[in-house]
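Structure assessment
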Amino acid sequence: MPDQTLVEVAGLSKRFGDVEVLKHVDLAVRAGEKLAVIGPSGSGKTTLLRCIAHLEKPSAGHVTIAGERVGSKLADGRVVEMSDREIARIRTGIGMVFQRFNLFPHLTALENILLGPLKVLRMPREQAEPIALGLLAKVGLAHKRDAYPERLSGGQQQRVAIARSLAMQPKLMLFDEATSALDPELVGEVLNVIRQLAREGMTMLIVTHEMQFAEDVADRIIVMDHGSIVDEGPPHELFRSPSHPRTQAFLRAVLERQAMATSSAA
Amino acid sequence: MSFAWVNDWMPELLVAALGTLRMTALAFLLAAFLGLLLALARLSRRASLSRLAFGYIEIVRGMPAVMLLFLIYFALTSWGITLGAFAAAVVGLGLNGAAYLAEIYRAGIGAIHPGQREAAQMLGMRHFQVMRYVIFPQALRVVLPPMANYLIALLKDTSIASLISAPELMLRARDLSSEYFMPMQLYLLVGAMYLAMAYPLSRGVRYMELRLLK
């Protein structure tokens, strides 16, 4: 069922103190869809992703994944908080890749990937290890299985982090500016891994500043500004002929920045 | 000058030093365990639990350890609780140390980047799994050196147990001093014995710091 909705965001608001970071956001993501989220910094992109993962608790509204509400549930017609156990169970179906990688520094690359399958899925080691090694090979790091994160480059760490998420066999992957902390020459290797995943049909929400990448990989792009979705559409329409003034302004700013970066590099 | 008195004292002092080591080890284990419970309570999302732990830590840190020992050994009897001197010393030093170690643990856990917890949560780990597999192993590196420093301080602090006549090195030294009237020789010797026990520990700490914090 290709048109089945996997993620539904309904009336989602989030405030930190006096600042309203998300303002009544509605969004539906189909199973298998690749959705890129772009917009200026501070526009609420990351907070949207973190609310979907329930790393932030919404101030209002809710998120539904595969028909199940995240963080709260209806019991006897009332909304009640989910327990630690229930939230954990929902999160096993969601992979998240962080800007700062967040690999576990006390574990090797292989152990990082094995931790979830062994401790959360309670898979026997002889079953989990071939899967983990396969994932390491898939991200091109089979030779780094015994390396600790501090011995890996940023790009390699991020690829291990992606493999670690995939080991849980998630039905949804969230990428939170996965290449923003990387040196420019390391961005490509990580984007290639994400592209590969996209081709395999993974449902993905990608918060990114890489416009070219967003255009290549996404089925649909949403533009956020000041906590709201201000524009959305297929990439070629959105980039070739942006209709919304804020999208135009944002894209112009991005182009200018890229032009400046290119001229200063030359 | 004759050193014959050393031969007279040594057997007794060595037995007493063993008492010091036993008291140190038991009080340390108690403090390490209770301190962990306190730290977890302190970090708990349940506000009442956190406040209770905070109160305990503040009160105990604000009291002399020797007073805690007196309370347990002399005052608790009026409530019908009677402990032997050695047990009272272990409990008193353990309760006292728990407050210090709780703060050391809390600092260690606080030193771990919040991203670590989030990454573990996104693997579907429950709270205790996040702690067990991700936070504690990393916090241990931060916490071990100050814990070992506390162990050294505790070794010397067991000497206050002599004030409730618990069998350990300092008590024996005071007894011998009043028997032989040679305080200079005696206390220098006992001081050297404390040093002989503490020095390997502090070398161990130095080694650990080099290994862990490279």
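Everything here concerns the structure above.
The structure reproduced in this document is the subject of the present report. Note that this is a predicted model, so its numbers are computed, not measured.

Overview of the overall build of chain A
- Tallying secondary structure elements over chain A gives 9 helices and 12 strands in all.
- Radius of gyration (C-alpha) of chain A: 19 Å, near the 18 Å computed for a compact globule of 266 residues.
- In terms of its C-alpha atoms, chain A occupies a principal-axis envelope of roughly 65 × 55 × 40 Å.
- Relative to its full complement of 266 residues, chain A shows a buried share of 41%.
- Considering only residue pairs separated by 6 or more positions, chain A has 64% of its internal contacts joining residues 24 or more positions apart.

Some points on the overall build of chain B
- When you go through chain B residue by residue, the secondary structure sums to 8 helices and 0 strands.
- In sequence order, the secondary structure elements of chain B are arranged as α-α-α-α-α-α-α-α.
- Across its three principal directions, the C-alpha atoms of chain B cover 75 × 50 × 20 Å.
- Sequence separation of 24 or more characterises 76% of the internal contacts of chain B that already satisfy a separation of 6 or more.

So, the sheet that holds strand E2 (residues 19-30) of chain A
Residues and elements named next belong to chain A.
- Pairing within the open sheet is antiparallel, and its 4 strands lie in the order E2-E1-E4-E5. Every interior strand has two partners, whereas the edge strands, E2 and strand E5 (68-69), have only one.
- Here 2 bridges tie strand E4 (residues 60-65) to E5, and the two strands are oriented antiparallel to one another. Its bridge partner lying in E5, Thr64 is registered against Arg69.

Concerning the interface of chain A and chain B
- Residue-level contacts link 21 residues of chain A with 16 residues of chain B.
- For the side of chain A that touches chain B, the secondary structure elements donating two or more residues are helix H2 (84-91), strand E8 (94-97) and helix H3 (109-120) of chain A.
- Counting residues per element, the side of chain A that touches chain B draws most heavily on H2 of chain A, at 5 residues.
- Across the side of chain A that touches chain B, the residue classes break down as 11 nonpolar, 4 polar and 6 charged.

With respect to the sheet that holds strand E10 (residues 203-207) of chain A
Residue and element names in this part refer to chain A.
- Read across the open sheet, the 6 strands follow the order E8-E9-E10-E3-E11-E12; overall the sheet is mixed. A single partner strand is all that each edge strand has here, and the edge strands are E8 and strand E12 (228-233). Each strand of the sheet is rotated relative to its neighbour by a mean of 20°, with strand direction disregarded.
- Helix H5 (residues 154-166) contacts E8 and strand E9 (172-176) of the sheet and is inclined by roughly 170° relative to E8.

Some thoughts on unusual backbone geometry
Residues and elements named next belong to chain A.
- At Ala66, a position not held by glycine, the phi torsion is positive, near 50°.
- With respect to the helices, strands and loops of the structure, Ala66 is situated in the loop between E4 and E5.
- The backbone of His226 sits at a positive phi, close to 50°, despite the residue not being glycine.
- Tracing the backbone through its elements, the reader meets His226 in the loop between strand E11 (220-225) and E12.

A closer look at the packing of H3 of chain A against H5 of chain A
Residues and elements named next belong to chain A.
- Their axes nearest at 8 Å, the elements H3 and H5 cross at an angle of 25°. Here H3 is positioned roughly parallel relative to H5, judged by the angle of their axes. In this structure, H3 crosses over H5, and the sense of that crossing is right-handed. Here Ala109, Asn112, Ile113 and Gly116 of H3 lie close against H5, whose contacting residues are Val160, Ala163 and Arg164.

Remarks on the environment of Gly67 of chain A
All names here are of chain A.
- With respect to the helices and strands, Gly67 occurs in the loop between E4 and E5.
- What makes Gly67 exposed here is the crowd of 9 C-beta atoms within 10 Å.
- Expressed as a C-alpha distance, the spacing of Gly67 and Phe213, which sit 146 residues apart in the sequence, is 30 Å.

A look at the pairing of E9 of chain A
Residue and element names in this part refer to chain A.
- Burial of E9 is extensive: 5 of the 5 residues sit out of reach of the surface.
- Every second residue of E9 is oriented toward a common face, with Leu172, Leu174 and Asp176 on one face and Met173 and Phe175 on the other, all of them buried.
- Both E8 and E9 contribute to a ladder of 4 bridges, which runs parallel. Its bridge partner lying in E9, Met96 is registered against Leu174.
- The pairing of E9 with E10 spans 5 bridges and is classified as parallel. By the bridge assignment for E10, Phe175 is matched with Ile206.
- Between the parallel pair E9 and E10, the chain is carried across by helix H6 (residues 184-199), and the sense of this crossover is right-handed.

Looking at the environment of Gly35 of chain B
All names here are of chain B.
- Along the chain, Gly35 turns up in helix H1 (residues 4-43).
- Exposure remark for Gly35: the 25 C-beta atoms within 10 Å place this residue in the buried category.
- Sequence separation between Gly35 and Leu95 is 60 residues, and the spatial gap between their C-alpha atoms is 8.5 Å.
- Setting aside anything within four residues of it in sequence, one finds Gly35 in contact with Gly97, Ala98, Leu101, Ala102 and Tyr105.

Concerning helix H5 (residues 114-122) of chain B
- Taken as a whole, H5 of chain B has its buried residues at Ala119, Ala120, Gln121 and Met122 of chain B.
- Buried residues along H5 of chain B sit in contact with H2 and E8 of chain A together with helix H6 (127-157) of chain B.
- Of the residues trailing H5 of chain B, Gly124 of chain B is marked for its positive phi of about 90°.

Criteria and cut-off values
- Residues numbered from 1 in each chain as written.
- Chains lettered and ligands numbered in written order.
- Predicted model: local features only at pLDDT ≥ 70, side-chain atom pairs only at ≥ 80, totals over all residues.
- Helix = DSSP H or I, 4+ residues; strand = E, 2+ residues; numbered from the N terminus.
- Rg over C-alpha atoms; globule rule 2.2 N^0.38 Å.
- Buried ≥ 20, exposed ≤ 12 C-beta atoms within 10 Å, placed from the backbone.
- Contact = placed C-beta atoms within 7 Å.
- Pairing = 2+ DSSP bridges.
- Nonpolar A, V, L, I, M, F, W, Y, C, P; charged D, E, K, R; others polar.
- Axes fitted to C-alpha atoms, helices over the stretch in contact; angles between N-to-C directions.
- Parallel < 35°, antiparallel > 145°, perpendicular 65-115°, else oblique.
- Left-handed = near helix turned anticlockwise from the far one by under 90°.
- Right-handed = clockwise from strand over helix to strand, strands pointing away.

Everything listed here is a matter of geometry and, on its own, says nothing about what the molecule does.
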